[in-house]
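# Observations on chain architecture
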Amino acid sequence: MSAAERQHSAHDLTIATERLFDGENFQENRRVSIRDGIIRDVSPDTGAVPPGAFLRMKPGVTLAPGLIDLQVNGGGGVLLNDDVSLAAIRTIAETHHRFGVTGLLPTLITDSNDRLERLAAIASEAMTIPGVLGFHLEGPHLNRQRRGIHPERHIRPITSASLALLARFGRIGRSMVTVAPECLHQGAIRMLVDAGLRVSIGHSEATAAQMRAAVEEGASSVTHLFNAMRQMTPREPGVVGATLADDGLFAGIIADGQHVAPDNLRAAWKAKGTNRLILVSDAMALVGTDRTFFPLQGRLITLTEGRLTDETGTLAGAHLEMLAAVRNMVCLAGVPLRDALVMASGTPAAYLGLGDRLGAIKPGYQADLMAFDRDFQPQPHLTTGLDAG
């Protein structure tokens, strides 16, 4: 249930479900009591109709914590880089809400200072849009050798002015920035962290030693593990090896069946664990539409068999929703459903420092809920797939 739905819901609401995932375990035949958008109680379902608003979920539908996506470039036909506006951010949030996402970080990939300035100017007001938890700035201080789809003309060294611009986002929600640490001067990561940003390592050729130095300065995560980064070799762990070996680092991963092979998805889960690996969509503009192409900073991006590429064949984000990522971890990588759901809700909540209010269905937590059926089809507004008692 999003913030907007909470505002329009009854003062009291009880939801009965035959299957509940509470953020840690599955429970059978439970009812969730909500008041003013906060979960007050989770108890056995007696079958009786309580006072106030009451919803009974259809058989086969699971009630779970809302999903949290830390890397969302676009959706609903909109790409943030092409339309830095409140209307675009709202469209992106509403589109992903249809697929079970109740919290997200709209993501701006490497772009001009003008675009960053524009986003900074509207970011505080954008925080009033239901579901927006902050922003993810993926770039512009990346390694050109690992730029992927990021435009080389906008990749640039970090300066005192760009540090100050990025620092403005540290005061806005739970925002994060992706950087290549080998391209930053010593102390830059610490300055970003001290400004309130979560610093992630990505699009990087860093050695294991450079990774350790970045972590010592405060870097706490890695962006889309395995993609656009130095790989692991026998004598140089690179970004991948250093990430898998560090028990403290969080790591985002794109489980679309295109970016990372199923065996590597499973290997990452085995190495990082459920409480450090985070599912992300890296979604682009076509999610939630039936379109097959869109422009990205002057290049035509085409969707073919679930794969987004430019004319050179370079991957350009993902055509993926978060609930589909959960399904892929289960069906492609053989990860238990319980763990896949945690990696899409509780773990990103913990990374953002929101684990005490999001990512679980427990008393005191926000009633940010989603529902899905046996075929992983979302019930995005919660009333879909529900029968009134």
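Now for a quick tour of the structure. (Residues numbered from 1 in each chain as written. Predicted model: local features only at pLDDT ≥ 70, side-chain atom pairs only at ≥ 80, totals over all residues. Heavy atoms only, no water.)

### Observations concerning the environment of Ala195
Within the fold, Ala195 resides in the loop between helix H5 (188–194) and strand E12 (198–201). Distance from Ala195 to Ser160, taken between C-alpha atoms, is 13 Å for residues 35 residues apart in sequence. Excluding residues that lie within four positions of it along the chain, Ala195 makes contacts with Ala167, Gly170 and Arg171. (Helix = DSSP H or I, 4+ residues; strand = E, 2+ residues; numbered from the N terminus. Contact = heavy atoms within 4.5 Å.)

### Some points on the sheet that holds strand E17 (residues 299–304)
Strand order in the open sheet formed by 3 strands is E16-E17-E18, and the pairing between neighbours is antiparallel. The two strands at the open ends of the sheet, each matched to only one other strand, are strand E16 (293–296) and strand E18 (307–309). Going across the sheet, the axis of each strand differs from the next one's by a mean of 25°, ignoring polarity. One ladder, built from 3 bridges, connects E17 with E18; its direction is antiparallel. (Pairing = 2+ DSSP bridges. Axes fitted to C-alpha atoms, helices over the stretch in contact; angles between N-to-C directions.)

### Quick notes on the packing of aromatic side chains
Following the criterion strictly, the structure yields 4 aromatic pairs and no others. Ring geometry for Phe135 and Phe169: centres 6.5 Å apart, planes at 70°, overall edge-to-face. Of this pair, Phe135 sits in the loop between helix H3 (113–126) and strand E10 (136–138) while Phe169 sits in helix H4 (residues 160–169), placing them 34 residues apart in sequence. Of the two residues, Phe135 and Phe169, both sit in the buried class. Between Phe372 and Phe376, the aromatic rings sit 5.8 Å apart at their centres with planes inclined by 5°, giving stacked as the arrangement. For the pair shown, Phe372 and Phe376 are each scored as buried. Arg276 extends its terminal NZ or CZ atom over the ring of Phe250, reaching a point 4.3 Å from the ring centre. (Phe/Tyr/Trp six-rings, centres within 6.5 Å; stacked < 30°, edge-to-face > 60°. Buried < 20%, exposed > 50% of the residue type's maximum accessible area, 1.4 Å probe, protein only. Lys NZ or Arg CZ within 6 Å of the ring centre and 35° of its normal.)

### As for unusual backbone geometry
Residue Gly139 is joined to Pro140 through a cis peptide bond whose omega torsion reads 15°. Structurally, the position occupied by Pro140 is in the loop between E10 and H4. Positive phi outside glycine occurs at His203, with the angle close to 50°. With respect to the element layout, His203 can be found in the loop between E12 and helix H6 (208–217). The class for His203 is buried, based on a relative accessible area of 4%. In this structure, Gln297 takes a positive phi of about 50° despite not being glycine. Mapped onto the secondary structure, Gln297 falls in the loop between E16 and E17.

### Let's talk about H3
Under the 1.5 Å per step criterion, the end-to-end length of H3 is 19 Å for 14 residues, consistent within 8% with the ideal 20 Å. Taken as a whole, H3 carries its principal kink of about 30° at Ala120. Within the span of H3, buried status applies to Leu116, Leu119, Ala120, Ile122, Ala123 and Ala126. Considering only its buried residues, H3 is in contact with helix H2 (86–97), strand E9 (101–109), E10 and H4. (Expected span 1.5 Å × (residues − 1). Bend = angle between axes of the 7 residues up to and from the residue.)

### What to know about the layout of surface pockets
The method is simple in principle: a probe with the dimensions of a water molecule rolls over the atoms, and the space it marks as empty is what remains. Here the largest pocket is characterised by a volume of approximately 250 Å³. Of the residues assigned to the lining of the largest pocket, the class counts are 7 nonpolar, 10 polar and 2 charged. (1 Å grid on protein atoms, 1.4 Å probe; cavity = no way out; pocket = protein on both sides within 12 Å on 5 of 7 lines; lining within 4 Å. Points joined across faces, edges and corners; volume = space filled by probe spheres on them. Nonpolar A, V, L, I, M, F, W, Y, C, P; charged D, E, K, R; others polar.)

Take it as geometry only, folks, not as evidence of what the structure does.
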